[in-house]
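Close look at the chain arrangement
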Amino acid sequence: MRLLADSSLDVYSGGRLHIWTGHTVDLNEHTLALIGSGEKCFSDSSGSRSVTFTEGVVDLQNGTMSLAGAVHAVNTTFLIGGALNLGGNTLNVSNYVARYTGNANAGTGAMNVYGTFKPIGAGYYAPTMKNGSTIDFTEWKKDSALESRFPITATSKGNKIMKFEAGTVKIRISSDNK
């Protein structure tokens, strides 16, 4: 799939969008908005292959995004305004803007951030910050902790605490970089 302009896919409640593993989604420096309350799934029946995204933006506006295989998107920004269900799979992204405020995350897979993690909503899926990455607190709420607020239960799992790869992680605390 190759985007020729900013685009959106609307997945209605009860519906399911599949982008099968083994494929490349060429965002072509555009934004792919995933809207609607249905599930957006990057999957493969074996879970042994991966989906690759090229440079651009994936904007999950609501609903749930699920993985049943690895996603390689190290040149892609993920704007996450919905729940993540990574299962036991890995999501590698350049930038992760966490706007989600709910508590329906699931899975134990790793989200690896190679660029910038910007937590805005307290229901985020906690990433592993890679060497050379940045945490951007410029829109962080004063009363928020570094641990995601969503409850860990039998049905709502996921990573609550950020992890750090050995090396350097930069911290941005104001929009003017002071």
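Further up the page is the structure itself.
Here is what the cut-offs are and how they apply
- Residues numbered from 1 in each chain as written.
- Predicted model: local features only at pLDDT ≥ 70, side-chain atom pairs only at ≥ 80, totals over all residues.
- Heavy atoms only, no water.
- Helix = DSSP H or I, 4+ residues; strand = E, 2+ residues; numbered from the N terminus.
- Buried < 20%, exposed > 50% of the residue type's maximum accessible area, 1.4 Å probe, protein only.
- Contact = heavy atoms within 4.5 Å.
- Areas by Shrake-Rupley, 256 points an atom, 1.4 Å probe, with all protein chains shown as cover.
- Core = buried A, V, L, I, M, F, W, Y, C linked by side-chain atoms within 4.5 Å.
- Phe/Tyr/Trp six-rings, centres within 6.5 Å; stacked < 30°, edge-to-face > 60°.

Examining the overall build of the chain
- For the chain, the helix and strand inventory stands at zero helices and 17 strands.
- The buried share among the 178 residues of the chain stands at 48%.
- Contacts in the chain between residues at least 24 apart in sequence constitute 47% of all its contacts with a sequence separation of at least 6.
- Carbon together with sulfur atoms contributes 50% to the accessible area of the chain, which is approximately 8,400 Å² in total.

Let's talk about the nonpolar core
- Judged by nonpolar contacts, the single largest core of 36 residues is most densely connected at Phe53, Phe78 and Tyr96.
- Counting residues per element, the ones that place at least two in this core are β2 (16–20), β4 (31–35), β6 (50–53), β7 (56–60), β8 (64–67), β9 (70–80), β11 (91–98) and β12 (111–113).
- When near neighbours in sequence (up to four residues on either side) are disregarded, Tyr96 contacts Phe78, Ile80, Leu84, Met111, Val113, Thr116, Phe117, Lys118, Tyr124, Tyr125 and Pro127.

Observations regarding the environment of Ser8
- Along the polypeptide, Ser8 turns up in strand β1 (residues 7–10).
- Note on Ser8: relative accessible area 46%, which makes it partly exposed.
- Taking the C-alpha atoms as reference points, Ser8 and Asp59, separated by 51 residues in sequence, lie 8.9 Å from one another.

Brief notes about the side chain of Thr77
- Structurally, Thr77 can be placed in strand β9.
- According to the relative accessible area criterion, Thr77 is buried, its value standing at 17%.

Digging into the packing of aromatic side chains
- Considering all chains together, one arrives at three aromatic pairs under this definition.
- With centroids separated by 5.8 Å and ring planes inclined at 85 degrees, the aromatic side chains of Phe53 and Phe78 adopt a geometry described as edge-to-face. Here the residue Phe53 occupies a position in strand β6, and Phe78 occupies one in strand β9, the gap between them amounting to 25 residues. Taken individually, Phe53 and Phe78 each receive the classification buried, so the pair is uniform in this respect.
- Seen in terms of ring centroids, Phe117 and Tyr124 are 5.4 Å apart; in terms of plane orientation they differ by 65 degrees. Their pairing is edge-to-face.
- When its relative accessible area of 0% is taken as the criterion, Phe117 is described as buried.

Everything listed here is a matter of coordinates, which is why it stays silent on function.
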